[in-house]
Amino acid sequence: IVTLYGSSLLEGTVPAGEPLPIDEAPRPGLVTKNGLVLFGKDGKMLIVKNLQFENGKMIPASNYFSRGEVTTLELTDEEKNMESNIRDIWKGILTNVAVIEDTTDFFKSGAASMDVVRLVEEIKQKCGGLEVQNEDVYMATTFQDFMQMVVRKFRGEDKEELVIEY
């Protein structure tokens, strides 16, 4: 079972992507750089941004075929300071966890949706206004994965490419 999040209608031509067979669908979906494109019986396209699996793990739909192929970033001194601040934020939220390890899972350690809001706001306050979205927390639930995502955002690697058709 997979839950789909962040869908919208897609206008224009069919984008390039890798086909994904879907039971009982009129045609296979397409995993593209912008998400998963699904086709309705009427021929219209829907693009889905995020997928959540039965185990609770959420990923960008565009990463469906590359789930385990993430390179680990080497942190600069400034990023290590930010990591220390974020570790303290996690410790403040997850009061029942003695030590926040790289493998500590935010939700399996007792956090709830209200704690996601608190985490996002505290990061904004204590990390120079860095913008983290609620869905980012759901897609990177372990401390190590979360830090890698935060550093990518800090470096600007998360910016979407804007396509303009003239």
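Residues numbered from 1 in each chain as written. Predicted model: local features only at pLDDT ≥ 70, side-chain atom pairs only at ≥ 80, totals over all residues. Heavy atoms only, no water.

With that out of the way, let us pick up the domain arrangement of the protein chain. Each assigned domain of the protein chain is listed here: domain 1 (3-63) and domain 2 (77-155). Between the C-alpha centres of domain 1 and domain 2 the distance comes to 28 Å. Listed by partner, the interface residues are 6 residues for domain 1 and 4 residues for domain 2. The contact between domain 1 and domain 2 buries some 450 Å² in all, and 49% of this surface belongs to carbon and sulfur atoms. When the buried area of domain 1 at its contact with domain 2 is split by residue, N50, K57 and M58 rank highest and sum to 79% of it. Inspection of the region where domain 1 meets domain 2 yields 0 salt bridges. At the boundary of domain 1 and domain 2, one finds 1 residue pair in polar contact (both at pLDDT 80 or more). (Domains from an automatic or database assignment. Contact = heavy atoms within 4.5 Å. Buried area = accessible area lost by both parts, 1.4 Å probe. Salt bridge = Lys/Arg side-chain N within 4 Å of Asp/Glu carboxyl O. Polar contact = N/O pair within 3.5 Å; in protein donor to acceptor, adjacent residues only side chain to side chain.)

Turning next to the UniProt feature "domain: Carrier" (unreviewed entry) in the protein chain. The residues that UniProt annotates with the feature "domain: Carrier" (unreviewed entry) are residues 77-154. In this annotation, residues 77-154 is assigned 63% helix and 0% strand; the end-to-end C-alpha distance for the span is 13 Å. (UniProt positions renumbered as here; feature names shortened; annotations may be inferred. Helix = DSSP H or I, 4+ residues; strand = E, 2+ residues; numbered from the N terminus.)

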